Amino acid sequence: MSVWNQIVFGWGCLVWVKMAQCGYQVGVGIGDTTGPVVGIGMMGYAKAGQTTQGIHTRLFARAFFFQEEAGSMAVFVSVDSGMIGQLMKYEVIAKVRKITGLELRHDNLLLSATHTHSGPSGYFQYVLFTVGGGSGFVEQSFQAIVNGITTAIVRAYETKQPAKLFLAQSELTDSSINRSPSSYLRNPEEERQRYSGNTDYSFTQLNIMRESANELIGVINWFAVHATSMNNSNHLISGDNKGLASLILERNQNPPGTTSGKGPFVAAFASSNLGDVSPNLQGPRCGGTGLPCDQPKAKCCRPDEDCIAFGPGSDMFDSTYIIAQCQVTKAKELLASVDMEIKGGIASAHQWIDMTNQRVTLPDGSTHTTCKPALGYGFASGTTDGPGEPAFIRCRGPNNNMWNQITKLITNPSPRQKRCHYPKKILLNTGEMKIPSKWHPEKVDTQILKIGQLVIAAVPGEFTTMAGRRLRESIIASAYPDNVEVVIAGLSNVYTHYVTTYEEYQNQRYEGASTIYGPHTLRAYQQQYSYLMEKMSKREHVPYLKRPPNYKAKQIRLDRGMYWDMIPPTKEAGECVQKPPKFAYPGDTVIVKFVAGHPRNDLMLEQTFLKVEHQQSPNNWVVMATDTDIETKFIWKRKCLVCEGIAEIHWKIPYKIPKGTFRITHQGHTKGASLKPILLSYRGVCPNFQVVHGRRMSNAEEPSRVQNLRPTSEISWSSMSWRGFITKIGKFLNVQMKSLL
């Protein structure tokens, strides 16, 4: 059979190669993306004061490079981050091209975020997200993610080898609930009856096997659940349930002794249509009484009670582990599946579209357009994951004169904007705000990758359960004559908040209020992705449309990145100031403290701030855990600006740990207080201690314990601390006015 030649049409392009026998070259790679460990606002909850103070688990990018014999390629990257920004993709493409010479483009590179809410902010170019993060644009945070993604892609490219691909499908029913059930019920009954639940239980996994040995080298799976098991009281960087699931499966599949984040086997637990899906299985309950909240108003009997989502664990760390382990268990069930082998060509299509003015045609033949971006009052009222600002709680109504006046001061929506977004009551009219640059994206990425029968739809936001189902159906209907399996890769390439169905939008809960392009947003995306799929099916050119502008030069950089270490002459960096107990037991938590340099002096990417080591012989120590592992926590504190920093390290001893002699070390860098400070590395070691099995010894010094934190409200872009967010906007606008004077 003849070979179709590769065709490239600029940025908006279509690549198709068709072969009778198509073999794949596949590589996998992982790169550390952990940003500033201390002092940067966390991205996701938009809660004032929620800044990074240490590490629960490191963050990673996991890349998968696919190429067929004729040369056509596609790259899928799952990133432990809250969202993906367009600036990231611009710079990653440039860096990878420079290092490898690969013809990486916007059509064949897909970046998808896991949506953890426990990573540093500072990597967006649009004002609302920069303000919401609380720290402005942070170059160190941005570069950590870009460099980590680049490293992962380069490693995947360099390790490519002949491989076979198998698609496995199942359902996972015990790891998610719908947090806006009243909105879901707005969808037509006959449509709802076609599905077994009000969340998408689909669990789709791509198994990648080395052709020569039938050995697994990686997996990608897609399952819809929010990465909000870690709540907004958390200050430790964490991959949440998605990132932790990857680490657990990688530890299970890699050779014994492999350092977490370093092994040859790579597992991505990617996001999907998670818009209305919560991991908090106990559901919304009243904070004081523990009784279920009144639905759909998220109202408690006592006016002083918050309606907060909990569970399923005893605290947020336990809940994160439980939801992660549920996903890992399902993934392991599917590892051996060889029922559906992926065969056929690789294709990719991408197009930027102006989402502020997309014309849509409804089933009745009427036409409408999408709107300039705007957020509604429901954006501040919150979801069943947690309470919002009291003035916006739905049972009290959104009409509040104070907040109405604040909205008008920021920018008063035009009559056309109000009509376009109806019935949304506009709180933030971001589409008509231009200082210092755009507050929300207007030119939006749309993209599809096709690897054999597998179609990956890269969507630029959080699609709700039913919105995702409708989009999949539209793509499948447009794929004729191909028989395809469609998965949705959530939060890909750019972030545009939420996408609901038209019916869900009418309810104006959080998800509808955060559908920024108006009630016909989903219909516009259905048309666009159907168009891309049709072009791919017919092997036709996808026209290039103008790319979004690069606003990096216009970013407000509130973080100056100047950190000096004030270590008194009586102390030295790395000095152990809190020693471990003499004896400790499996299940105990050992806590030690060191005099420490500021963690932002060096992010220790691809390294670690701590090691737990087991003595094998007098001069031979084996690393048992690092700051990537779930059993450790790294916390950095400083009492005052002129005080020395303290690194606090927690190690919860696993029950299967061998007995023997252990020690905990800390490494980092110091920087003196001068105009040209010198960066010096250091390493500290606390005294050895014994891990003992069996009955606790009566003369043993009892080890310290970790204080378990009861989850508080899990407020996100889905239920934020609105007073804090308005304060951030006020401070930001004040900075802008001063800069203009």
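Residues numbered from 1 in each chain as written. Predicted model: local features only at pLDDT ≥ 70, side-chain atom pairs only at ≥ 80, totals over all residues. Heavy atoms only, no water.

> Could you give an account of the overall build of the protein, with specific residues and numbers?
A tally of helices and strands in the protein yields 15 helices and 40 strands. Counting every position in the protein, which comprises 741 residues, the buried fraction comes to 62%. Long-range pairs, those at least 24 residues apart, make up 77% of the contacts in the protein between residues at least 6 apart in sequence. Total accessible area on the protein is roughly 27700 Å²; 51% of this is exposed by carbon and sulfur atoms. (Helix = DSSP H or I, 4+ residues; strand = E, 2+ residues; numbered from the N terminus. Buried < 20%, exposed > 50% of the residue type's maximum accessible area, 1.4 Å probe, protein only. Contact = heavy atoms within 4.5 Å. Areas by Shrake-Rupley, 256 points an atom, 1.4 Å probe, with all protein chains shown as cover.)

> Account for a nonpolar patch on the surface, naming residues and giving values.
A surface patch of nonpolar side chains, amounting to about 410 Å² of accessible area, comprises Trp-564, Met-566, Leu-641 and Val-642. Following the sequence through the fold, Val-642 ends up in the loop between β36 (632–637) and β37 (645–652). (Patch = residues over 30% accessible without salt bridge, like charges linked within 9 Å, V, L, I, M, F, W, Y side chains within 5 Å. Salt bridge = Lys/Arg side-chain N within 4 Å of Asp/Glu carboxyl O.)

> Got a sec to walk through the environment of Ile-448? Specific residues and values, please.
The topology assignment puts Ile-448 in strand β26 (residues 443–451). Take Ile-448: its relative accessible area is 0%, and that puts it in the buried class. Excluding its chain neighbours within four sequence positions, the residues that come into contact with Ile-448 are Ala-347, Ser-348, Ala-349, Val-455, Ile-456, Ala-457, Tyr-529, Leu-532, Met-533 and Met-536.

> Got a sec to walk through helix α6 (residues 240–253)? Specific residues and values, please.
Helix length check: α6 (14 residues) gives 20 Å between terminal C-alpha atoms against 20 Å at 1.5 Å per residue, within 8%. Buried residues dominate α6, accounting for 11 of its 14 residues. Looking at α6, one finds that the buried residues are Asp-240, Asn-241, Lys-242, Gly-243, Leu-244, Ala-245, Ser-246, Leu-247, Ile-248, Leu-249 and Glu-250. Those residues of α6 hidden inside the fold are in contact with β2 (24–32), β5 (60–68), β12 (215–222), β14 (266–270) and α7 (316–334). (Expected span 1.5 Å × (residues − 1).)

> Talk me through the pattern of salt bridges; I want residue IDs and the actual numbers.
Applying the stated criterion to the full structure yields 27 salt bridges. Residue Lys-535 pairs with Glu-540 through a salt bridge whose shortest N-O separation is 3.2 Å. Exposure remark for Glu-540: the relative accessible area of 33% places this residue in the partly exposed category.

> I'd like a rundown of the packing of aromatic side chains, residues and numbers included.
Summed over the entire model, instances satisfying the criterion amount to 16 aromatic pairs. Ring geometry for Phe-379 and Tyr-510: centres 5.9 Å apart, planes at 25°, overall stacked. Taken together, the residues span a long stretch of sequence, with Phe-379 in helix α8 (residues 378–381) and Tyr-510 in helix α13 (residues 510–513) at a distance of 131 residues. We note that Phe-379, like Tyr-510, is buried. Feature note: the residues Tyr-123, Phe-124, Phe-129 and Tyr-495 constitute an aromatic cluster, connected by ring pairs. (Phe/Tyr/Trp six-rings, centres within 6.5 Å; stacked < 30°, edge-to-face > 60°.)

> Before we move on, can you summarise helix α11 (residues 465–477) with the specific residues and values?
Between its first and last C-alpha atoms α11 spans 19 Å; for 13 residues at 1.5 Å apiece the expected length is 18 Å, and the two agree. All of the buried residues in α11 are Thr-465, Met-466, Ala-467, Gly-468, Arg-469, Arg-470, Leu-471, Arg-472, Ser-474 and Ile-475.

> So, the environment of Gly-344: which residues are in play, and what are the values?
One can find Gly-344 in the loop between β18 (340–341) and β19 (346–354). For the pair Gly-344 and Gln-453, spaced 109 residues apart in sequence, the C-alpha to C-alpha distance is 7.0 Å.

> Mind laying out the side chain of Thr-521, listing which residues take part and the relevant values?
Examined against the element boundaries, Thr-521 turns out to sit in helix α14 (residues 521–537). You can call Thr-521 buried: its relative accessible area is 1%. Only 3.5 Å separates the side chain of Thr-521 from the backbone oxygen of Tyr-517, close enough to count as a polar contact. (Polar contact = N/O pair within 3.5 Å; in protein donor to acceptor, adjacent residues only side chain to side chain.)

> Before we move on, could you go through the pairing of β14 and cite the residues and values that matter?
Of all five residues making up β14, five are buried, and the element is well covered by its neighbours. As paired elements, β12 and β14 share five bridges and run parallel to each other. By the bridge assignment for β14, Gly-218 is matched with Val-266. (Pairing = 2+ DSSP bridges.)

> Any chance you could break down the nonpolar core for me, citing the residues and the numbers?
Counting residues in each nonpolar core, the largest one holds 84 residues, and the members touching the most others are Val-77, Leu-109, Ile-149 and Ile-153. Those residues in contact with Ile-153 that lie beyond four places of it in its chain are Ala-63, Val-75, Val-77, Val-92, Val-96, Leu-104 and Leu-109. If you look at the next biggest cluster of nonpolar residues, it comprises 31 residues, including Leu-206, Val-266, Ala-270 and Ile-346. (Core = buried A, V, L, I, M, F, W, Y, C linked by side-chain atoms within 4.5 Å.)

> Lay out the packing of α6 against α7 with the relevant residues and their values.
Running from N to C, α6 and α7 point in directions that differ by 50°, and their axes come no closer than 8 Å. Judged by the inter-axis angle, α6 sits oblique to α7. The two elements α6 and α7 meet at a crossing, and its hand is right-handed. Judged by residue contacts, Asp-240, Asn-241, Lys-242, Leu-244, Ala-245, Ile-248, Leu-249 and Asn-252 of α6 engage Thr-320, Tyr-321, Ile-323, Ala-324, Gln-325, Gln-327, Val-328, Ala-331 and Lys-332 from α7. Tallied by class, residues from the contact of α6 with α7 come to nine nonpolar, five polar and three charged. (Axes fitted to C-alpha atoms, helices over the stretch in contact; angles between N-to-C directions. Parallel < 35°, antiparallel > 145°, perpendicular 65-115°, else oblique. Left-handed = near helix turned anticlockwise from the far one by under 90°. Nonpolar A, V, L, I, M, F, W, Y, C, P; charged D, E, K, R; others polar.)

> Quick one: what's the story with the pairing of strand β29 (residues 485–489), residue by residue and with numbers?
Across the five residues of β29, four count as buried, placing the element largely inside the fold. As paired strands, strand β27 (residues 454–458) and β29 are joined by five bridges and run parallel to one another. By the bridge assignment, Val-455 is partnered in β29 with Val-486.

> Which residues make up the environment of Gly-197, and what are the values?
In this structure, Gly-197 sits in the loop between α5 (189–192) and β11 (202–210). On the basis of relative accessibility, which here comes to 14%, the residue Gly-197 falls in the buried class.

> How would you summarise the packing of α11 against α14 if you had to cite specific residues and measurements?
Angle between the axes and distance between the axes: these two values describe a pair of packed helices. It is at 8 Å that the axes of α11 and α14 come closest, and there the two elements cross at 30°. Considering the angle they form, α11 stands roughly parallel to α14. You can see that α11 and α14 cross each other, and the crossing is right-handed. On the side of α11, the interface is formed by Ala-467, Arg-470, Leu-471, Ser-474 and Ile-475, while α14 contributes Leu-522, Tyr-525, Gln-526, Tyr-529, Ser-530 and Met-533. The residue makeup of the contact of α11 with α14, split by class, is seven nonpolar, three polar and one charged.

> Outline unusual backbone geometry, listing residues and values.
In this chain, Tyr-422 is followed by Pro-423 through a cis amide linkage whose omega measures 10°. Examined against the element boundaries, Pro-423 turns out to sit in the loop between α10 (415–421) and β25 (426–428). Between Ile-435 and the following residue, Pro-436, the backbone shows a cis peptide bond with an omega angle of -5°. Considering the arrangement of structural elements, one finds Pro-436 in the loop between β25 and β26.

> Which residues make up the confidence of the model for the protein, and what are the values?
The predicted model of the protein has a mean per-residue pLDDT of 87, with 84% of residues at 70 or higher. This stretch, residues 394–399, has a pLDDT under 50; its non-local contacts, to residues over four places away or in other chains, come to 14 contacts. Confidence over residues 735–741 falls short of pLDDT 50; this stretch has four contacts with residues more than four positions distant or in other chains. (pLDDT = per-residue confidence, 0-100.)

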